[in-house]
Amino acid sequence: MDNFSDKGGKGAVRIHDSLIELMGDTPLVRLRKVTTGVPAQVLAKVEYFNPGGSVKDRIAVRMIEAAEKSGELRPGGTIVEPTSGNTGVGLAIVAQQKGYRCLFVVPDKVAQDKISVLRAYGAEVVVCPTAVPPDHPDSYYSVSDRLAREIPGAWKPDQYSNPENPRSHYETTGPEIWEQTEGRVTHFVAGIGTGGTISGTGRYLKEVSGGRVKIIGADPEGSVYSGGSGRPYLVEGVGEDIWPATYDKTICDEIIAVSDKDSFGMTRRLAREEALLVGGSGGMAVVAALKVAETAGPDDMIVVLLPDGGRGYLSKIFNDEWMADYGFLTTAGEESLVRDVL
Ligand code: PMP
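First things first, this report covers the structure right here in the doc.

Definitions and limits used
Residues numbered from 1 in each chain as written. Predicted model: local features only at pLDDT ≥ 70, side-chain atom pairs only at ≥ 80, totals over all residues. Helix = DSSP H or I, 4+ residues; strand = E, 2+ residues; numbered from the N terminus. Expected span 1.5 Å × (residues − 1). Buried ≥ 20, exposed ≤ 12 C-beta atoms within 10 Å, placed from the backbone. Contact = placed C-beta atoms within 7 Å. Pairing = 2+ DSSP bridges. Axes fitted to C-alpha atoms, helices over the stretch in contact; angles between N-to-C directions. Right-handed = clockwise from strand over helix to strand, strands pointing away.

## Re helix α7 (residues 260–274)
Over its 15 residues, α7 extends 20 Å from the first C-alpha to the last, a length consistent with the 21 Å expected when each residue adds 1.5 Å. Regarding α7, the residues found buried are Asp-260, Asp-262, Ser-263, Phe-264, Met-266, Thr-267, Arg-268 and Leu-270. Buried residues in α7 make contact with β8 (214–220), β9 (254–258), α8 (280–294) and α9 (320–325).

## Quick look at helix α2 (residues 86–98)
Here α2 is 13 residues long and its end C-alpha atoms lie 19 Å apart, about the 18 Å a rise of 1.5 Å per residue gives. Burial analysis of α2 places 10 of its 13 residues in the buried class, which makes it a mostly covered element. Taken together, the buried positions of α2 are occupied by Asn-86, Thr-87, Gly-88, Val-89, Gly-90, Leu-91, Ala-92, Ile-93, Val-94 and Ala-95. Those residues of α2 that are buried lie in contact with α1 (56–70), β3 (78–81), β4 (101–107) and α3 (112–120).

## Things to note about the sheet that holds strand β10 (residues 301–306)
Strand order in the open sheet made by the 6 strands is β1-β2-β10-β7-β8-β9, with mixed pairing throughout. This sheet does not close on itself; its edge strands, each paired only once, are β1 (28–30) and β9. For this sheet, the mean inter-axis angle between neighbouring strands, taken without regard to orientation, is 25°. By the bridge criterion, 5 bridges tie β8 to β9 in an arrangement that is parallel. From the neighbouring strand, Asp-219 faces β9, where its bridge partner is Ala-257. Packing of helix α6 (residues 196–208) onto the sheet brings it into contact with β7 (187–191), β8 and β10, and relative to β7 it is tilted by some 170°.

## Section: the pairing of β3
Bridge analysis of β3 against β4 gives 4 bridges, and the strand direction is parallel. Among the inter-strand pairings, Val-80 is bridged to a residue of β4, identified as Leu-103. Each parallel crossover has a hand, and the one from β3 via α2 to β4 is right-handed. The sheet contact formed by β3 and strand β6 (residues 154–155) spans 2 bridges and is parallel. In the strand pairing of β6, Ile-79 is matched with Trp-155.

This is a description of form; function is not addressed.
And the structure:
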């Protein structure tokens, strides 16, 4: 087994009782190609190493365990959340392993594949119409509220207001980065969705470094965090049209707005040049990190968080036609993923 090294922080343990134990402790990997000519070190915190494939495993396990402690979630209880994405996967895994029923309410625009993933883990999924306003009784917000009220023993984690969301990052992501860099990190860059990642990790890194570490948020152009009004953008999982309670406005030193085109272009480069197949929000964060690197020196160490893997985006970001339809390929031949082999 000489060729196998331990996953950082797991010591000599070879057998785990549950996948839950493998949540967090993700690796830090140096970006070597997309950083050509950049004097600073740029290190990627690769969150697809979590069992559910994303950073959201961290908050799923923490929110559930805190609710168990507070008595909000009791044996035989049901977890109800309006989510179709990465948080759903994390919650489904933890719920299954701990023996809770899990019920997700999703709008009908959600890709069938995402619903299939949740059902594969044993979660139940209720699909609601997209074409109704949020306060309509059939909207997915209303339906999830009603189910949480009516089902006995139901508990709604609510990742947009649950303090365990940022706290999980304060207690895990932040300390991991500090230890992995032996306190040499100078900048932390992450996308902002609920704001949990940047608020919790950022607060920890600021506190532990006495304010030395700079915290930089990456945001899709049009989202409120970078001064937009909620204009539509295509990068998934980041940006908001409202200000969630989980976002701490005092943490970021700077917010960098990134276009869809640049985010997706970098996402494709990360796969092709760094062998990192990640989602569009990871590409977006790297664009921001490289912007930060423009003014950073050789002693600077920039850590950028890559929230999830790229397999969920094969028909979009990694599909030439989809990219071309939106005008994201400058010249199709130049950036196409299809290589002419003859
Ligand atoms: N990227 C992706 C793909 C996500 O699912 C999320 C979570 N919404 C984020 C980034 C942003 O993380 P946070 O909610 O902690 O701000």
